Amino acid sequence: MVRHSSAWETFITRSEDSVVTERKASASAVGLNRSGSAAISNFSTESLSEATHRKEYLLNKLKREVKIIMEESVNRKAISAKSTYVISLCAAVEQCLLDGLKRRLLGLFGERSTYALLHNIAKFCPEAATVLTLTVKAEDDEIASCPLSCLWIRFALLAKVLPAIIGFIHNSVHCRRYYKESSLMLDAARGGVLAALLGILFLF
């Protein structure tokens, strides 16, 4: 229990430090005009504030789900892949991936879904290709136990490759065209926190 708590506190401290650094970088874009009032180039204070609030809300929601999973792993010998805890975690991950995801660049699917995104990145990311194969071959009982939109995320979680896929989406130049500039996944600080946050689930 102490080990889980220590790792969680260390991660939270580091993630908060990275976000503070990103905030300072954003603040540097704010200058003063001749009258001494603040002037912002290329974006408005309102839009920046809304985007920041939205991304922090999504990350905080995911942090809560990860913490719950860690606590349950201490109290139980094992957590079922079909448990509500796992499904809630997958849903939180999906919401993070959906943030700023463009509809028009997802090919034949013509829909804004993370499963369509998985199809598109599978040709570049081996882990995504593996998860795509597992999802396509899913049994009926597996499909019935989890919302279709989250099924691939659960497979990736069980295969311990979800952090790798998230990291690829965040870092790869192939994925930038799928997202709006204000999205969580293209955020230099917060996008990296997302992958690291999921990675701590596999430390124990």
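Above: the structure in question.
Since the structure is predicted, the reported quantities are computational estimates derived from the model, not experimental observations.

This part takes up the overall build of the protein chain. Along its length, the protein chain carries 10 helices and two strands. From first element to last, N terminus to C terminus, the protein chain shows the α and β order α-β-β-α-α-α-α-α-α-α-α-α. Expressed as a percentage of the 204 residues in the protein chain, the buried residues total 42%. Across the protein chain, contacts joining residues at least 24 apart in sequence account for 62% of those joining residues at least 6 apart.

The buried fraction of helix α4 (residues 114–121) is high, at six of eight residues. Within the span of α4, buried status applies to Thr114, Ala116, Leu117, Leu118, Asn120 and Ile121. If you follow the buried residues of α4, they end up packed against α3 (84–98), α5 (126–136), α7 (148–158), α8 (162–171) and α9 (173–176).

Here the focus is the pattern of salt bridges. This model, assessed by the stated rule, comprises six salt bridges. Asp187 is the salt-bridge partner of Arg190, the closest N and O atoms lying 3.0 Å from each other. Summarising the burial analysis for this pair, Arg190 and Asp187 share the class buried. Three or more residues are tied together by salt bridges with common partners; here these are Lys55, Glu56, Asp187 and Arg190.

The next thing to look at is the nonpolar core. Core analysis: the biggest nonpolar cluster contains 51 residues, and Leu62 and Ile165 have the highest contact counts within it. Of all the secondary structure elements, the ones that give two or more residues to this core are α2 (45–75), α3, α4, α5, α7, α8 and α10 (190–199). At eight residues, the largest contribution of residues to this core is made by α3. Setting aside its immediate chain neighbours within four residues, Ile165 contacts Ile121, Cys125, Glu127, Ala128, Val131, Trp152 and Ala156.

Once that is clear, we can look at the side chain of His170. Mapping His170 onto the fold places it in helix α8. The buried category is assigned to His170, whose relative accessible area is 12%. From its side chain, His170 meets the backbone nitrogen of Gly192 in a polar contact 3.4 Å long. Setting aside residues up to four positions removed in sequence, His170 forms contacts with Met185, Asp187, Ala188, Gly191 and Gly192.

This part is about the environment of Ala196. Relative to the assigned elements, Ala196 resides in helix α10. Along the chain, Ala196 and Ile166 lie 30 residues apart, while their C-alpha atoms are 9.2 Å from each other.

A few words on the packing of α3 against α7. One can describe the packing of α3 onto α7 by two numbers: an axis separation of 9 Å at closest approach and a directional angle of 110°. Taken together, α3 and α7 sit at an angle that is classed as roughly perpendicular. Contacts from Val86, Leu89, Cys90, Ala91, Val93, Glu94 and Leu97 in α3 reach Ser149, Cys150, Trp152, Ile153, Arg154 and Leu157 in α7. Of the residues assigned to the contact of α3 with α7, the class counts are 10 nonpolar, one polar and two charged.

To continue, consider the environment of Ala51. Counting through the fold element by element, Ala51 comes out in helix α2. Residues Ala51 and Leu184, spaced 133 residues apart in sequence, show a C-alpha to C-alpha distance of 8.6 Å.

About the criteria used
Residues numbered from 1 in each chain as written. Predicted model: local features only at pLDDT ≥ 70, side-chain atom pairs only at ≥ 80, totals over all residues. Heavy atoms only, no water. Helix = DSSP H or I, 4+ residues; strand = E, 2+ residues; numbered from the N terminus. Buried < 20%, exposed > 50% of the residue type's maximum accessible area, 1.4 Å probe, protein only. Contact = heavy atoms within 4.5 Å. Salt bridge = Lys/Arg side-chain N within 4 Å of Asp/Glu carboxyl O. Core = buried A, V, L, I, M, F, W, Y, C linked by side-chain atoms within 4.5 Å. Polar contact = N/O pair within 3.5 Å; in protein donor to acceptor, adjacent residues only side chain to side chain. Axes fitted to C-alpha atoms, helices over the stretch in contact; angles between N-to-C directions. Parallel < 35°, antiparallel > 145°, perpendicular 65-115°, else oblique. Nonpolar A, V, L, I, M, F, W, Y, C, P; charged D, E, K, R; others polar.

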